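Read off the chains here:
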Amino acid sequence: MAQVTLRKIIKEYEGGVQAVKGIDLDIADHEFVVLVGPSGCGKSTTLRMIAGLEEITSGEIDIGGAVVNDVPPRDRDIAMVFQNYALYPHMSVYENMAFGLMLRKFPKEEIRRRVENAAKILDIGMLLDRKPKALSGGQRQRVAMGRAIVRDPKVFLFDEPLSNLDAKLRVQMRTEIKKVHQTVRTTTVYVTHDQVEAMTLADRVVVMNHGVIEQVGPPQELYHHPRTRFVAGFIGSPAMNFIPATVEARSGGLVLRLPQGIELAVPAARVAKYQAYAGKQVTFGIRPEHLTDTQHVSKADIAIFNAAPEVVEPMGMETLAHIRMEGAEICARLDPTVPAAPGVPMPLAADMGNMHLIDDATGLVI
Amino acid sequence: MAPDSSAAVAPARPPAARPPSNAMKRFARRRSTIAFLMTLPLISVIAGLVAWPASYAIYLATLNRRMTAFIGLENFDILLDNETFRAVIWQSCFFAITAVLLKALIGFWLAHMLHHLPTKGQRKWRGMLLVPWVIPPALSTLGWWWMFDPSYSSINYLLNAIGGPSIPWLGSPWWARISVIIVNVWYGAPFFMIMYLAALKSVPEQLYEAAAIDGASGWQGLRHITLPMMQNIISITVLFSLIVTFANYDIVRVLTNGGPRDLTQVFASYAFQVGVLSGNIPRGAAVSLFMFPLLAFIAYFVLKGVNQRNKEMA
Ligand SMILES: Nc1ncnc2c1ncn2[C@@H]1O[C@H](COP(=O)(O)OP(=O)(O)OP(=O)(O)O)[C@@H](O)[C@H]1O
Ligand SMILES: [Mg+2]
């Protein structure tokens with residue numbers, strides 16, 4: 001068990017591509033940290049640098065209090081689960097899991113004890129004699145995890161371990177990974193491009209974009225207090241709505257003027273914060289779950305406006321309404337009992353207590 | 001039964017290899033008649049160029065010298081009593097096994113080096129290293145013969161230049177044996193190299209990364225990942241090369257012509273000597289058939305193992 005520290009990590013590939021542009025990150029002992037971001041943002045590169053599979057161009061990586069920049073992977077005492085599992089095809093499941101221990105010259109009984117223990121945690125006891133080819137995707141995934149668990153390493157590294165599974169299995173294995181972490185409590189760095197996975201698994205989420213960290217924080221904090229437009233749009237599903245707006249002063253308060261003459265009052269508590277933007281063009285951000293029908297609203301700070309959905313998608317527990325506005329496509333989550341039909345205008349309630357304003361020039365949330 | 005399995009083994013199709021009989025049956029059932037008709041030309045070629053000569057050789061080997069009477073296995077009996085022939089067996093095995101081992105080792109070493117070169121330089125080196133294999137062996141052996149010449153040869157000249165002794169390359173039995181092996185290895189190693197290079201490239205990079213994280217050093221990666229992953233290619237290449245090397249004729253014929261004192265004769269060159277030069281065709285056929293049962297036996301088990309692993313691994 002160990003903490004992991006990254007200091008000013010830069011990775012430049014041959015040809016001058018900067019995949020990672022100076023990352024600072026402190027990961028505490030026992031913590032489960034998820035790196036999330038769009039494709040190509042440098043998540044895998046960061047993880048592989050921690051593993052020692054990729055050279056660090058500059059900066060320092062510290063595992064368990066020792067700088068490991070020049071330590072080869074085999075001496076870092078880490079375990080990694082790859083996206084396509086990278087199981088050894090010529091070894092049985094047992095041998096796959098025992099391989100690392102065998103190389104470290106553990107006694108036979110100890111190896112057997114650990115492999116059987118891991119097999120029990122992962123429920124793969126009956127597969128130990130099979131070759132990887134004879135396993136399903138989910139079973140391979142478990143074996144790959146078993147191979148990591150038996151080592152009892154300082155750090156677990158996961159690179160998109162669930163992306164080769166079908167949707168249902170992915171949800172199941174996600175829970176499984178969380179359970180395993182609650183049992184073994186090993187420091188974990190987990191890479192995914194799926195924000196739902198990030199939110200559900202992480203103690204802290206690290207949102208990356210174009211080789212830099214946009215924001216680090218617990219899932220709830222990222223959800224409620226995104227710092228940048230990128231984080232606001234990346235976290236949450238369906239994604240946050242962004243609507244061009246102008247801030248206007250009105251009799252002691254502020255209103256947002258949206259396209260099509262819609263005006264929404266800014267809650268009194270936010271007026272001081274947004275005062276400086278009066279008369280300016282900004283982006284108004286609001287999550288679909290804060291844009292609902294008017295049937296069940298009782299809270300304060302509700303602004304009501306009329307709009308006609310273009311597409312209506314009944315999901316069962318809710319209905320999604322997609323509305324086209326000038327310069328924006330927005331989505332609202334409605335109660336399934338509310339009648340909604342394409343092309344028919346209906347009243348919508350915006351929960352302005354959960355609104356966000358984004359400065360277009362900096363991309364930062366105000 | 002014998003000519004039948006010779007037809008299957010002799011063309012020595014590399015990888016996909018020969019499935020065992022029940023797979024064969026399934027194969028026959030699965031493929032349509034059209035497929036059979038389309039392979040008919042190939043089948044007739046194999047029948048005409050492999051099965052028929054092989055059966056005919058077996059038939060010949062059971063005749064007397066004048067080919068007038070059937071004498072069963074007597075030719076083999078006589079051969080086994082003959083001291084020269086026992087030396088030929090010994091020399092053939094020594095030659096084939098040593099040469100194949102060296103070819104495999106050197107081929108692997110070359111392939112490994114090439115594999116770790118940057119892609120740009122790799123093609124150039126690969127091309128150059130393949131040269132010995134594409135020159136007709138009779139020609140290149142002549143070149144070696146000239147280099148082995150005791151008085152004017154470049155090899156001895158170089159040895160002398162660094163203060164070494166002159167070596168009677170083709171004059172003394174042991175040096176002659178070694179010379180034959182050197183030339184065969186020089187000619188055959190590139191084949192191993194190219195096969196092993198393809199095999200090395202087919203091992204996924206991630207397995208090495210996983211092994212490195214599991215704690216494997218470079219050597220352990222080679223031993224526990226590379227070699228097991230290449231095992232099928234290694235066994236097929238070794239088997240193929242063993243068959244071809246046992247049947248080698250041109251190098252011995254050109255380099256030493258079996259000498260000195262028949263001590264470098266191998267099966268093929270000795271069969272030529274007995275059958276054609278001395279005019280005892282049935283006995284010559286018996287010589288050339290001598291290794292067939294053993295090789296067929298080895299081939300059966302090697303290919304069975306290959307098939308087994310193919311089924312177990314991806
Ligand atoms: N070996 C390499 N040589 C050059 N550039 C590379 C190399 N590997 C990755 N890159 C580049 O570095 C950037 C980051 O790659 P990385 O694999 O870390 O992305 P990622 O965040 O893991 O994306 P994904 O979600 O698609 O896996 C990309 O722009 C990629 O093209
Ligand atoms: Mg990646």
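Residues numbered from 1 in each chain as written. Chains lettered and ligands numbered in written order. Predicted model: local features only at pLDDT ≥ 70, side-chain atom pairs only at ≥ 80, totals over all residues. Heavy atoms only, no water.

## As for the overall build of chain B
On a plain count of helices and strands, chain B comes out with 15 helices and zero strands. Taking all 314 residues of chain B together, the buried fraction comes to 41%. A separation threshold of at least 6 residues defines the contact pool for chain B, and within that pool the share at least 24 residues apart is 72%. Entry remark: accessible area of chain B is about 17300 Å², with carbon and sulfur atoms responsible for 69%. (Helix = DSSP H or I, 4+ residues; strand = E, 2+ residues; numbered from the N terminus. Buried < 20%, exposed > 50% of the residue type's maximum accessible area, 1.4 Å probe, protein only. Contact = heavy atoms within 4.5 Å. Areas by Shrake-Rupley, 256 points an atom, 1.4 Å probe, with all protein chains shown as cover.)

## Re the pairing of strand β9 (residues 204–209) of chain A
Residues and elements named next belong to chain A. By the criterion of burial, β9 is predominantly enclosed, with five of the six residues buried. Across four bridges, the pairing between strand β3 (residues 32–36) and β9 is parallel. Residue pairing for β9: valine 36 is matched across the bridge by valine 207. Where β9 meets strand β10 (residues 212–217), five bridges bridge the pair, whose relative direction is antiparallel. (Pairing = 2+ DSSP bridges.)

## A short note on the environment of phenylalanine 284 of chain A
Residues and elements named next belong to chain A. On the secondary structure map, phenylalanine 284 appears in strand β14 (residues 281–286). Residue phenylalanine 284 is classed as buried on the basis of its relative accessible area, which comes to 1%. As for phenylalanine 284 and methionine 355, which are separated by 71 residues in sequence, their C-alpha atoms are 7.4 Å apart. In this view, phenylalanine 284 contacts Asn241, Phe242, Ile243, Ala245, Leu256, Leu258, Leu264, Met352, Met355, His356 and Leu357; residues no more than four positions away in its chain are not counted.

## Things to note about the site of ligand 1
All names here are of chain A. Taken together, Tyr13, Ala19, Ser39, Gly40, Cys41, Gly42, Lys43, Ser44, Thr45 and Glu160 make up the full set of residues near ligand 1. Side-chain polar atom of lysine 43 to an oxygen atom of ligand 1: 2.7 Å apart, as the coordinates give it. In this structure, an oxygen atom belonging to ligand 1 sits 2.5 Å away from a side-chain N or O atom of threonine 45. The element contributing the most residues to the shell around ligand 1 is helix α1 (residues 43–51), with three residues. Here the residues of the shell around ligand 1 sort into three nonpolar, five polar and two charged. (Near = heavy atom within 4 Å. Polar contact = N/O pair within 3.5 Å; in protein donor to acceptor, adjacent residues only side chain to side chain. Nonpolar A, V, L, I, M, F, W, Y, C, P; charged D, E, K, R; others polar.)

## Overview of the confidence of the model for chain A
Looking at chain A as a whole, the pLDDT averages 88, with 100% of positions reaching at least 70. Ranking the helices and strands of chain A by mean pLDDT puts helix α2 (residues 93–103) of chain A first, with 93, and helix α9 (residues 268–274) of chain A last, with 82. (pLDDT = per-residue confidence, 0-100.)

## Points about the packing of aromatic side chains
Residues and elements named next belong to chain B. Inspection of the entire model under this criterion finds 26 aromatic pairs over all chains. Arranged with centres 6.3 Å apart and planes meeting at 40 degrees, the rings of phenylalanine 246 and phenylalanine 267 form a pair that is tilted. A residue pair is termed long-range when its members are at least 10 positions apart, and phenylalanine 246 in helix α11 (residues 218–246) and phenylalanine 267 in helix α13 (residues 267–277) qualify at 21 residues. Comparing phenylalanine 246 with phenylalanine 267 shows no difference in burial state: the two are buried. Here the aromatic residues Phe76, Phe85, Phe246, Phe267, Tyr270 and Phe290 are joined through ring pairs into a cluster of three or more. (Phe/Tyr/Trp six-rings, centres within 6.5 Å; stacked < 30°, edge-to-face > 60°.)

## Let's talk about the sheet that holds strand β12 (residues 253–257) of chain A
Residues and elements named next belong to chain A. An order of β13-β12-β11-β14-β21 is seen for the five strands of this open sheet, with the pairing classed as antiparallel. Each having just a single partner strand, β13 (263–265) and β21 (356–358) make up the two edges of the open sheet. When strand polarity is set aside, the average angle formed by the axes of neighbouring strands in this sheet is 40 degrees. For strand β11 (residues 241–250) and β12, the ladder comprises five bridges, and the chain directions are antiparallel. Each residue of the ladder has a partner; that of threonine 246, found in β12, is arginine 257. (Axes fitted to C-alpha atoms, helices over the stretch in contact; angles between N-to-C directions.)

## Comments concerning the sheet that holds strand β2 (residues 18–27) of chain A
Residues and elements named next belong to chain A. The strand order across the open sheet formed by four strands is β2-β1-β4-β5, and the pairing between neighbours is antiparallel. Two strands close off the open sheet at either side, each with one partner strand: β2 and β5 (66–67). Two elements, strand β1 (residues 4–12) and β2, share seven bridges in a ladder whose sense is antiparallel. What sits directly across from glutamate 12, in β2, is glutamine 18.

## Here we look at the environment of alanine 307 of chain A
All names here are of chain A. On the secondary structure map, alanine 307 appears in strand β16 (residues 302–307). For the pair alanine 307 and leucine 157, spaced 150 residues apart in sequence, the C-alpha to C-alpha distance is 47 Å. Those residues in contact with alanine 307 that sit more than four places away from it in its chain are Ile323, Val344, Pro345, Met346 and Leu348.

## Let's talk about the packing of helix α7 (residues 137–147) of chain B against helix α9 (residues 173–201) of chain B
Residues and elements named next belong to chain B. Put simply, α7 and α9 touch, their axes get as near as 11 Å, and they point 135 degrees apart. The angle between α7 and α9 falls in the class oblique. The interaxial crossing formed by α7 with α9 has right-handed handedness. Of the residues in α9, those in contact with Pro137, Ser140, Thr141 and Trp144 of α7 are Ile182, Val183, Trp186 and Tyr187. (Parallel < 35°, antiparallel > 145°, perpendicular 65-115°, else oblique. Left-handed = near helix turned anticlockwise from the far one by under 90°.)

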